[in-house]
Amino acid sequence: MSARFWAIATLVTGVISLGLFVVFAMLPEMRAAAACLPAGSVVQFELATNVEQLQAIFGAPDSQCRPLAIAAMDAVNHVDLIAFIPAYTAFCMCAALFLAGGAWRPLTIVAVGAALFAAAGDLLETTTLLDITQTLDNPGDLLGLSQLGAWSKFALLAAHGVFCAGLCFVGEKRRPILGTLLLLPAPGVAIAAFNHVTLANAMNGAFAIAWIALLVVAGLSVVRAKGAQA
């Protein structure tokens, strides 16, 4: 496959991934629970460590918000399983091959591997979250499983960013600015691990900057390649 093919594939899968954030927000269940769920609730649920944190998200057992919040989270997680995990995994894999010019270099291989293992972690996390909403007041060992899935996902996606940054710094086509931005998720994950309740947004912001930058660079590459062929 040509470098242009991987640039187009990165652009397409990236746009689909971003578009799914709009889908999440527009889900009927999410709109119905808009007044109940605090900002950042989805990530806070992913990283919750105890029943108190779950109640901060879903409300008390007898609250009117709890059934609405449960329905919203379950709806998001079903879309996550069906569409978002495959979309962003494809985006991460295509991005690594785009940055490598289509070549399967060692950094390309480990970046693709990190994306695939991150998807496995996300599958563990998301399926466990669907179980947790059925037993919010006594999740038992389920929180440990969701934590394992969530943190392995975030750590591996951060590693994917580091490997892709390496491709930017040492590849045939140097992209030092993009490489620097791709390093941001690693400290973002470390910051969130220190205190996810107050600092998870820093991690989210770091991933957003890195992935949007990847999307922009891929888009520019497609436009320039088309111009060169004209």
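Residues numbered from 1 in each chain as written. Predicted model: local features only at pLDDT ≥ 70, side-chain atom pairs only at ≥ 80, totals over all residues. Heavy atoms only, no water.

Caption draft 1: Molecular detail of the packing of aromatic side chains. Scanning the model with the defined rule gives 11 aromatic pairs in all. A centroid spacing of 6.2 Å and a plane angle of 75° characterise the contact between Phe 21 and Phe 24, whose relative ring orientation is edge-to-face. You can see Phe 21 and its partner Phe 24 sitting in helix H1 (residues 3–26), 3 residues apart, about one turn around the helix. Both rings, one in Phe 45 and one in Phe 58, keep their centres 5.0 Å apart while their planes meet at 85°; by these two values the pair is edge-to-face. Of the two residues, Phe 45 sits in helix H3 (residues 41–47) while Phe 58 sits in helix H4 (residues 51–58), which places them 13 residues apart along the sequence. Like Phe 58, Phe 45 is buried. The rings of Phe 21, Phe 24, Phe 84, Tyr 88, Phe 91, Trp 151, Phe 154, Phe 207 and Trp 211 are connected pair by pair, giving a single aromatic cluster. Residue placement shows Lys 153 over the ring face of Phe 154; its charged tip is 4.2 Å from the ring centre. (Phe/Tyr/Trp six-rings, centres within 6.5 Å; stacked < 30°, edge-to-face > 60°. Helix = DSSP H or I, 4+ residues; strand = E, 2+ residues; numbered from the N terminus. Buried < 20%, exposed > 50% of the residue type's maximum accessible area, 1.4 Å probe, protein only. Lys NZ or Arg CZ within 6 Å of the ring centre and 35° of its normal.)

Caption draft 2: Structural detail: the packing of H1 against helix H5 (residues 65–99). Axis separation between H1 and H5 bottoms out at 8 Å; the angle between their running directions is 155°. The orientation of H1 relative to H5 falls into the category roughly antiparallel. Along this stretch, H1 crosses H5, giving a crossing that reads as left-handed. Split into classes, the residues belonging to the contact of H1 with H5 amount to 21 nonpolar, 4 polar and 1 charged. (Axes fitted to C-alpha atoms, helices over the stretch in contact; angles between N-to-C directions. Parallel < 35°, antiparallel > 145°, perpendicular 65-115°, else oblique. Left-handed = near helix turned anticlockwise from the far one by under 90°. Nonpolar A, V, L, I, M, F, W, Y, C, P; charged D, E, K, R; others polar.)

Caption draft 3: Main features of the side chain of Thr 89. Topologically, Thr 89 is positioned in helix H5. Classification of Thr 89 as buried rests on a relative accessible area of 8%. Aside from chain neighbours lying at most four places away, what touches Thr 89 is Ala 115, Leu 116 and Ala 119. (Contact = heavy atoms within 4.5 Å.)

It is worth stressing that arrangement in space is one thing and function is another; only the former is reported here.
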